[in-house]
Amino acid sequence: QVHLVESGGGLVQAGGSLRLSCAASGRAVSGYAMAWFRQAPGKEREFVSAASWVAGNTFLADSVKGRFTISRDNARNTVYLEMNRLKPEDTAVYYCAASSLWTTLLKNYNYWGQGTQVTVSS
């Protein structure tokens, strides 16, 4: 089967840090890109960051640039999101996704994890 499993979410104080992990298995490892999206209550799901399996491409949304870093470990089929200087507005469910395209568009992502909750307290 194809599946993605997120981990690393939790409760953190504003200004703190978390590292999210997304482990891919099955056919999802052949995807061109893996990405992080997030969705806060009552809001649309938004793009956060993406990294490619087959090239060095990475991309960060403006809202997190300078605070978050995306990285990958191809040997472990895992993508990480290092989240630093967290703010209450970062509170959301964070989803890992995989696509056969290099894209930031939600509709182009074929595989999704179940999400991990990140809560940042003030």
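As a reminder, the structure under discussion sits directly above these lines.
Residues numbered from 1 in each chain as written. Predicted model: local features only at pLDDT ≥ 70, side-chain atom pairs only at ≥ 80, totals over all residues. Heavy atoms only, no water.

## Let's talk about the sheet that holds strand β8 (residues 78-83)
Point 1. The strand order across the open sheet built from 4 strands is β1-β3-β8-β7, with neighbouring strands paired in antiparallel fashion. Bordering the open sheet on either side are β1 (3-7) and β7 (68-73), each of which pairs with just one other strand. Direction aside, the axes of adjacent strands within the sheet are offset by 15° on average.
Point 2. Bridge count between strand β3 (residues 18-25) and β8: 6 bridges; the pairing is antiparallel. Each residue of the ladder has a partner; that of Cys-22, found in β8, is Val-79. (Pairing = 2+ DSSP bridges. Helix = DSSP H or I, 4+ residues; strand = E, 2+ residues; numbered from the N terminus. Axes fitted to C-alpha atoms, helices over the stretch in contact; angles between N-to-C directions.)

## Examining the nonpolar core
Point 1. In this structure, Met-34, Trp-36, Phe-68, Leu-81, Met-83 and Tyr-94 are the most contacted members of the largest nonpolar core, which totals 34 residues.
Point 2. Secondary structure elements with two or more residues in this core: β3, β4 (33-39), β5 (46-52), β7, β8, β9 (92-99) and β11 (116-121).
Point 3. Beyond its immediate chain neighbours, meaning those up to four positions away, Met-34 contacts Leu-4, Cys-22, Ala-24, Ser-49, Ala-50, Ala-51, Trp-53, Ile-70, Val-79, Cys-96, Ala-97 and Ala-98. (Core = buried A, V, L, I, M, F, W, Y, C linked by side-chain atoms within 4.5 Å. Buried < 20%, exposed > 50% of the residue type's maximum accessible area, 1.4 Å probe, protein only. Contact = heavy atoms within 4.5 Å.)

## Some words on the pattern of salt bridges
Point 1. Applying the stated rule across the entire model yields 6 salt bridges.
Point 2. A salt bridge links Asp-90 to Arg-67, with the shortest nitrogen-to-oxygen separation between them at 2.7 Å. Pair noted here: Asp-90 is in the loop between β8 and β9 and Arg-67 is in the loop between β6 (58-60) and β7, with a separation of 23 residues, a long-range link. Judged on exposure class, the residue Asp-90 and its partner Arg-67 are both buried. (Salt bridge = Lys/Arg side-chain N within 4 Å of Asp/Glu carboxyl O.)

## Quick word on the pairing of β9
Point 1. Counted residue by residue, β9 has 7 buried out of 8 residues, so it is predominantly covered.
Point 2. Two elements, β4 and β9, share 7 bridges in a ladder whose sense is antiparallel. Opposite Met-34, over in β9, you have Ala-98 as the bridge partner.
Point 3. When β9 meets β11, the two strands line up antiparallel, connected through 3 bridges. Following the sheet pairing, Ala-92 is matched in β11 by Val-118.

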